[in-house]
Amino acid sequence: MTMSAQAGALLNEGFDDVSGLAAKGWVLNNASTPAGTTGWYQGDQTQFRAQNGAANSYAAANYNNAAAGGNLDNWLITPEFSTGINGATVSFWLRAAAAEGYSDQIAFGFSDGSKALSDFVLASPVTVGTDGWVRYAANIGGGLGNARFALQYTGAADFANYVGIDRLQVAEVPEPATTAILLAGAMGLAMSRRRKRG
């Protein structure tokens, strides 16, 4: 798992090296039927540039995840993380390549830490936009113990094209007392700045 220096960050992945994700605890599972010739791979900057970092630093998938006439079912699953008492927030960026008559869909959700695809609770798929990167966020309730977050590239291969995922972050939801202290500190800083202007 990649740790961030940011307070409360449990996972911070920029997808600089998609081929190295498995070594960091990620699960890449292409369950498309019939299976195609590709899975998750390093982003192709000729399709579009990454949301952040090097031009190709995002995870990509395309219609070749399944054979012609098949159904896409390609999973990208985070390493296990703790939801803590107050839960966690997962954020990530999605973008698809524009191609007339084609669209790309991603579903996302979580498990109780299991890698089994059947253990994930997924929201309805979203159709990924082609006009630029869009940020998505999901909240996972506290008290679950451990969890994994998954993104599933789904839909009919014949109507899909190319999709990218960038900058996936998991952060702890701070305790209410911590939030109050942080807000009080920010208010004090703002008051201090006002006094200096006067």
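For the structure, see preceding data.
The structure presented is a predicted model; accordingly, all values stated were derived computationally and were not measured.

Quick notes on the rules
- Residues numbered from 1 in each chain as written.
- Predicted model: local features only at pLDDT ≥ 70, side-chain atom pairs only at ≥ 80, totals over all residues.
- Heavy atoms only, no water.
- Helix = DSSP H or I, 4+ residues; strand = E, 2+ residues; numbered from the N terminus.
- Buried < 20%, exposed > 50% of the residue type's maximum accessible area, 1.4 Å probe, protein only.
- Contact = heavy atoms within 4.5 Å.
- Areas by Shrake-Rupley, 256 points an atom, 1.4 Å probe, with all protein chains shown as cover.
- Salt bridge = Lys/Arg side-chain N within 4 Å of Asp/Glu carboxyl O.
- Phe/Tyr/Trp six-rings, centres within 6.5 Å; stacked < 30°, edge-to-face > 60°.

### Description of the overall build of the protein chain
And then number 1: Check the secondary structure of the protein chain and you find 1 helix and 14 strands.
And then number 2: Taking all 198 residues of the protein chain together, 39% fall into the buried category.
And then number 3: Put simply, of all contacts in the protein chain between residues at least 6 apart along the chain, 78% involve residues at least 24 apart.
And then number 4: Entry remark: accessible area of the protein chain is about 10,100 Å², with carbon and sulfur atoms responsible for 52%.

### Structural notes on the pattern of salt bridges
And then number 1: Going through the model one piece at a time under the given rule, you end up with 1 salt bridge.
And then number 2: With a shortest N-O distance of 2.8 Å, E13 and K24 are connected by a salt bridge. With a gap of 11 residues between them, E13 in strand β1 (residues 9-13) and K24 in the loop between β1 and β2 (27-30) connect regions that are remote in the sequence.

### A few points about the packing of aromatic side chains
The description of an aromatic ring pair rests on the distance of the ring centres and on the angle between the ring planes.
And then number 1: Throughout the structure, instances matching the rule amount to 13 aromatic pairs.
And then number 2: Summarising the aromatic geometry, the rings of F92 and Y136 are spaced 5.8 Å apart at their centres and angled 10° between planes, so their arrangement reads as stacked. Here the residue F92 occupies a position in strand β8 (residues 88-96), and Y136 occupies one in strand β12 (residues 134-140), the gap between them amounting to 44 residues. Y136 shares its class with F92; the two are buried.
And then number 3: Cluster of aromatic residues (ring-pair linked, three or more members): Y41, F48, Y58, W133 and Y162.

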